[in-house]
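Each chain is listed here by its residues.
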Amino acid sequence: MAEYTCYNVSAAGDWTDSIDQCVLTYDDRFLRRKVIKTQAGATVLIDLAQTTSLNHGDGLHVQDGKYIAIQAAAEPLLAITGENLVQLAWHVGNRHTPCQIEPNRLLIQRDKVIGHMLEHLGAVVTEVVEPFTPEGGAYGHGRTHSHEHGHTAHDH
């Protein structure tokens, strides 16, 4: 079985020609140093300079200029629909819940408390199993928690 080491990640669209792929859940795509397995069974040691949120389509840069594609795994989610989708999205965001925003629905990780709250606000909440690719955080950073703003419009 091949073994690889990854020190860098390239964003989706910035690379081509993957030699393999890793299918990871949303939570598993948040990492700094970790060993993961590819679909072909190869081992990849991820050793990044900082904790990184990998997105569907990103590429793990491994030896010899090769890439291993990152794919979002299907996972248990709640699909949120309703007449007042904008208001529902506000309530999801107000709780700092990762959310995939689509034209006619929202997707969030399964959470009975949030689901129940949304139902009380008029949402139709349906359990689904799909890949999860929520919106990135503010200022173009990956996750919305524990991040630095750096030089952005937030600077004063």
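The structure we're discussing is the one just above.
Residues numbered from 1 in each chain as written. Predicted model: local features only at pLDDT ≥ 70, side-chain atom pairs only at ≥ 80, totals over all residues. Heavy atoms only, no water.

**A few points about the nonpolar core**
Core analysis: the biggest nonpolar cluster contains 15 residues, and Cys 6, Cys 22, Ile 36, Val 44, Ile 46, Leu 60 and Ile 68 have the highest contact counts within it. Those elements that place two or more of their residues in this core are β1 (3-6), β3 (18-24), β4 (30-37), β5 (43-53) and β7 (67-72). The element best represented in this core is β5, accounting for three residues. Apart from residues lying up to four places away in sequence, Ile 36 is in contact with Cys 22, Leu 24, Ala 42, Thr 43, Val 44, Ile 46 and Leu 60. Of all hydrophobic cores here, the second largest spans 12 residues; its members include Leu 78, Ile 80, Leu 85 and Ile 114. (Core = buried A, V, L, I, M, F, W, Y, C linked by side-chain atoms within 4.5 Å. Buried < 20%, exposed > 50% of the residue type's maximum accessible area, 1.4 Å probe, protein only. Helix = DSSP H or I, 4+ residues; strand = E, 2+ residues; numbered from the N terminus. Contact = heavy atoms within 4.5 Å.)

**Side note on the pattern of salt bridges**
Here the structure, examined in full by the defined rule, presents six salt bridges. Note that Asp 47 and Arg 32 form a salt bridge whose closest N and O atoms lie 3.6 Å from each other. Here Arg 32 lies in strand β4 and Asp 47 lies in strand β5, a separation of 15 residues in the sequence. Of the charged contacts in the structure, one is a salt bridge between Glu 130 and Arg 105, with a shortest N-O distance of 2.6 Å. Taken as a pair, Glu 130 in strand β11 (residues 124-131) and Arg 105 in the loop between β9 (100-101) and β10 (106-109) lie far apart in primary sequence, 25 residues in all. The network of salt bridges with shared partners includes Arg 32, Arg 33 and Asp 47. (Salt bridge = Lys/Arg side-chain N within 4 Å of Asp/Glu carboxyl O.)

**Things to note about the sheet that holds β9**
Hydrogen bonds along the backbone pair up the strands of a sheet, which may run parallel or antiparallel. Here four strands make up an open sheet; going across it, the order is β9-β10-β8-β11 and the pairing antiparallel. The open sheet has two edge strands, β9 and β11, and neither has a second partner. In this structure, β9 lies alongside β10, joined through two bridges in antiparallel fashion. In the strand pairing of β10, Gln 100 is matched with Leu 107. (Pairing = 2+ DSSP bridges.)

**Some thoughts on the environment of Leu 106**
Following the sequence through the fold, Leu 106 ends up in strand β10. Between the C-alpha atom of Leu 106 and that of Pro 134, which follows or precedes it by 28 residues, the distance is 9.3 Å. With residues up to four places along the chain from it excluded, the contact list for Leu 106 reads Leu 78, Ala 79, Ile 80, Leu 85, Leu 88, Ala 89, Val 92, Cys 99, Gln 100 and Ile 101.

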